[in-house]
Amino acid sequence: MNNFPWLTTLWLAPVAGAIVVLVLPPAQRNLARIIAFAFALATLVLAVVTAVRFEPGGEQYQFVESHEWIPAFGAGYTVGIDGIAMVLVLLTTALVPILILAGWNDDREAGGGKRVMHTYLALTLLVEAMVLVSFVALDILLFYIFFEAMLIPMYFLIGGFGSRGGDITASGTTGDEAGKASRQRSRAAVKFLLYNLFGGLIMLAAVIGLYVLTAREGLGPGGVGTFDLRIVVAAANSGQLGAAPAVLNALFLGFMFAFAVKAPLWPLHTWLPDAAVAATPSSAVLMMAVVDKVGTFGMLRYCVLLFPAAAGTYAPLVITLAVIGIVYGAVLAIGQTDVMRLIAYTSISHFGFIILGIFAMTSQGQTGATLYMVNHGISTAALFLIAGFLVSRRGTRLIADYGGVQKVAPVLAGTFFIAGLATLSLPGLAPFVSEFLVLVGTFSRYPAAAVVASAALVLAALYVLWMYQRMMTGPVTTGNEKLRDLVPREYAVVVPLIAALIFLGVYPKPVLDFIDPAVTQTLTTIGREDPKPSVPAVTEAGPAAIPGGTHK
């Protein structure tokens, strides 16, 4: 089994599931759901087996598979996984079965056509497969192709399978409102596609430029260029690329721009709220909790490792934009009247924290950022899906149309409250640990940025608790009297997410055991060390600062 292609099997499993679902007869909607769910579970089992066999203290990249693909210019099918990618693979494969359960009836939102559910499920599985390839790719060209390809199924999930609600209100959806919602979905999907395609084109130019550098130095087999990430990283960190700093800075910006759009980083974030609101809750979570993580993962895997000097040069700028995004997302969330749009803006703030931790270039910061990717995926999935269950019952996204929900649906309100507390990083819930690590790691190198970012903690408490107060407490608002509580299928969605938030909040060590060695290897590769604290010491001449924190 040592030579078994675990990573190839991992991403081919959802592809096989998509194919099987698509060839089913149109009338077999329930069978399509069951098969898609079964393949998603099988993919999760493969990921867990891979994680069990993974050795956190071993080689940096494990389960490596390498085959020739386009030997004329050194491109190969090369995959491998490190601890950072491992936890993101586990997040992706754990969320997709939950999202399939949550979107069990999403074909009704798209009109209930004969093959709507088949197509919806197949697209979801294809997105999962492409994201998994992006996490395990060790060939830069292979990564780029799937980085871009995942936009296509995601575009159709947003534009073709979004909620018919648009700006729905308690009065229901008329024909004119449905048409308006359809146009809003189309605009949101096109905006999502154009933003990300433009970022991808900029990255393509940088990929080509990087290949030219490797070809000039003859780094690939036979003296040609190479796209092998391991070879290029080794050359970049040893100075073997032989490029001027200005060239490397330009290449860094090409990669960074694409990842900043995908993540998204302020001010390239404007597509996210529209796309999140236009999509079904399950598709929105797939986008925010899974697809967008490829952007932050790319910053850590490609921007930092390939261009360490340029990353250091631009770190103050990126950190400034991240801090602006943290505060901006939180402030705009406070002013929202649409519950789904409010949650979408919170993600902009959270992505700011992730990017802040990455570019702090400290072990605590990058460990916290990676853990934050996992915890944000879980907390956002919980909050957005529970809000989606509520909206599907009431027929409105307007916060003002709710009130007193905890009296008629106490379990729904209670789980919504826990998910909200996780979003504001309450101690004892998973996001607290990651946010604390990011702030500590940032403070040791950029104290002003850490202090400003900490202000978002107060803002988060404001938008979460105020939203809960308006929607769940007080007298029951007219129209909410008959809201039903969670049903068994919804329990199966919510309980694992809430359990994960509590478990990782109390005991994050299993995830950190994967992340810590990988972050250490990353910082060692780029020659970065954590800042050494200066501790005041008393001497005969009076207080003096002793670098390194020792006393004489």
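Small disclaimer: the values here were computed from a predicted structure and weren't measured.

J.: Hey, could you go over the side chain of Thr522 for me, with residue numbers and the actual values?
T.: Inspection of the secondary structure assignment puts Thr522 in helix H21 (residues 509–525). Ignoring sequence-local partners within four residues, the contact set of Thr522 consists of Ile84, Val304, Leu305 and Gln366.

J.: An account of helix H10 (residues 271–278) is needed here, citing residue identities and associated values.
T.: The element H10 is extensively covered by neighbouring structure, given that seven of its eight residues are classed as buried. Within the span of H10, buried status applies to Trp271, Leu272, Pro273, Ala275, Ala276, Val277 and Ala278.

J.: Quick one: what's the story with the packing of aromatic side chains, residue by residue and with numbers?
T.: Considering all chains together, one arrives at 23 aromatic pairs under this definition. Relative to Phe514, the ring of Phe54 has its centre 5.8 Å away and its plane inclined at 45°; by these criteria the two rings are tilted. Residue Phe54 is found in the loop between helix H2 (29–53) and strand S1 (62–70), and its partner Phe514 is found in helix H21; the two are separated by 460 residues along the sequence. Residue Phe514 is classed as buried on the basis of its relative accessible area of 13%. Here the aromatic rings of Phe143 and Phe259 are separated by 6.0 Å at their centres, their planes lie at 70°, and the arrangement is edge-to-face. Taken together, the residues Phe143 in helix H5 (residues 140–149) and Phe259 in helix H9 (residues 245–262) connect sequence positions 116 residues apart. Each of the two residues, Phe143 as well as Phe259, counts as buried.

J.: Provide a residue-level description of a nonpolar patch on the surface, including the pertinent values.
T.: Taken together, the side chains of Ile502, Phe503, Val506 and Tyr507 define a hydrophobic patch exposed on the protein surface, amounting to about 410 Å² of accessible area. Its relative accessible area of 45% is what places Phe503 among the partly exposed residues.

J.: So what about the nonpolar core? Which residues, and what values?
T.: The biggest cluster of nonpolar side chains holds 204 residues, and the ones touching the most others in it are Ile140, Phe255, Met287, Leu306 and Phe359. In terms of residues, this core owes the most to one element, helix H15 (residues 363–394), which gives 16 residues. Once you skip the residues sitting within four places of it in the chain, Phe255 turns out to touch Ile140, Met203, Ala206, Val207, Leu210, Tyr302, Cys303, Leu306 and Phe307.

J.: Account for helix H1 (residues 6–23), with residues named and values stated.
T.: Helix length check: H1 (18 residues) gives 26 Å between terminal C-alpha atoms against 26 Å at 1.5 Å per residue, within 8%. At Leu12, H1 shows its largest kink, close to 30°, and the proline Pro14 lies no more than four residues downstream. Along H1, the residues that are buried comprise Trp6, Leu7, Thr8, Leu10, Trp11, Ala13, Pro14, Gly17, Ala18 and Val21. Against H2, S1, strand S2 (75–81), helix H3 (83–102) and helix H4 (116–136) lie the buried residues of H1.

J.: Tell me about the pairing of S1, residues and numbers included.
T.: Summarising the sheet, S1 and S2 pair through six bridges and their orientation is antiparallel. Looking at S2, one finds that Glu68 is bridged to Gly76. The hairpin formed by S1 and S2 contains four residues between the paired strands, and Gly74 there has a positive phi angle of roughly 70°.

J.: Residues and numbers for the pattern of salt bridges, please.
T.: Pairing of side chains with opposite charge becomes possible as their charged atoms draw close. One pass over the full model with this rule turns up seven salt bridges. Between Lys191 and Asp274 there is a salt bridge whose closest N-O contact spans 3.2 Å. Pair noted here: Lys191 is in helix H7 (residues 175–217) and Asp274 is in helix H10, with a separation of 83 residues, a long-range link. For Asp274, a relative accessible area of 27% corresponds to the partly exposed category. With its nearest N and O atoms 3.0 Å apart, the salt bridge here joins Arg230 to Asp228. A relative accessible area of 32% means that Arg230 is categorised as partly exposed. Via salt bridges that share partners, Lys191, Asp274 and Arg341 belong to a single interconnected network.

J.: Report on the environment of Arg489, specifying residues and quantitative values.
T.: Within the fold, Arg489 resides in helix H20 (residues 488–506). On the basis of relative accessible area, Arg489 is assigned to the partly exposed category, the value being 23%. Distance from Arg489 to Ser347, taken between C-alpha atoms, is 26 Å for residues 142 residues apart in sequence. For Arg489, the residues in contact, after removing those within four places along its chain, are Leu101, Ala102, Trp104 and Asn105.

J.: An account of the confidence of the model for the chain is needed here, citing residue identities and associated values.
T.: Considering every residue of the chain, the mean pLDDT works out to 86; 91% of them sit at 70 or more. Every residue in residues 164–175 scores below 50 in pLDDT, and together they form 28 contacts with partners more than four places removed in sequence or on other chains.

Conventions used here
Sequence order sets the numbering: in each chain, residues are counted from 1 along the sequence as written. Restriction of local features to residues with pLDDT of at least 70 applies here, the model being predicted, together with a cutoff of 80 or more for giving and counting side-chain atom pairs; totals for whole chains, interfaces and linings are based on all residues. The side-chain numbers reported here are obtained from all heavy atoms of the structure, hydrogens and water having been left aside. Put simply, DSSP marks the helices as runs of H or I at least four residues long and the strands as runs of E at least two long, and each gets a number from the N terminus on. We call two residues in contact when some of their heavy atoms are within 4.5 Å. Note on classification: 1.4 Å probe, protein chains only; a residue is buried when its accessible area is under 20% of the maximum for its type, exposed when over 50%, partly exposed between these limits. Here a pair means two rings of Phe, Tyr or Trp (six-membered ring of Trp) with centres within 6.5 Å. Their orientation is stacked below 30 degrees between planes, edge-to-face above 60, and tilted elsewhere. Patch membership is restricted to residues that have no salt bridge and whose relative accessible area is over 30%. Joining uses 9 Å for like charges and 5 Å for the nonpolar side chains Val, Leu, Ile, Met, Phe, Trp and Tyr. For every accessible area listed, the method is Shrake-Rupley and the probe measures 1.4 Å; residues are considered covered only by the protein chains on display. We define a salt bridge as a contact between a side-chain nitrogen of Lys or Arg and a carboxyl oxygen of Asp or Glu at a distance within 4 Å. Residue types Ala, Val, Leu, Ile, Met, Phe, Trp, Tyr and Cys, when buried and joined through side-chain atoms within 4.5 Å, form a set referred to as a nonpolar core. One fewer than the residue count of a helix, multiplied by 1.5 Å, yields its expected span. Note that the bend at a residue is defined as the angle between axes fitted to the seven residues ending at it and the seven residues starting at it. Should DSSP find at least two bridges between two strands, the strands are taken to pair. Residue-level confidence of the predictor, termed pLDDT, takes values from 0 up to 100.

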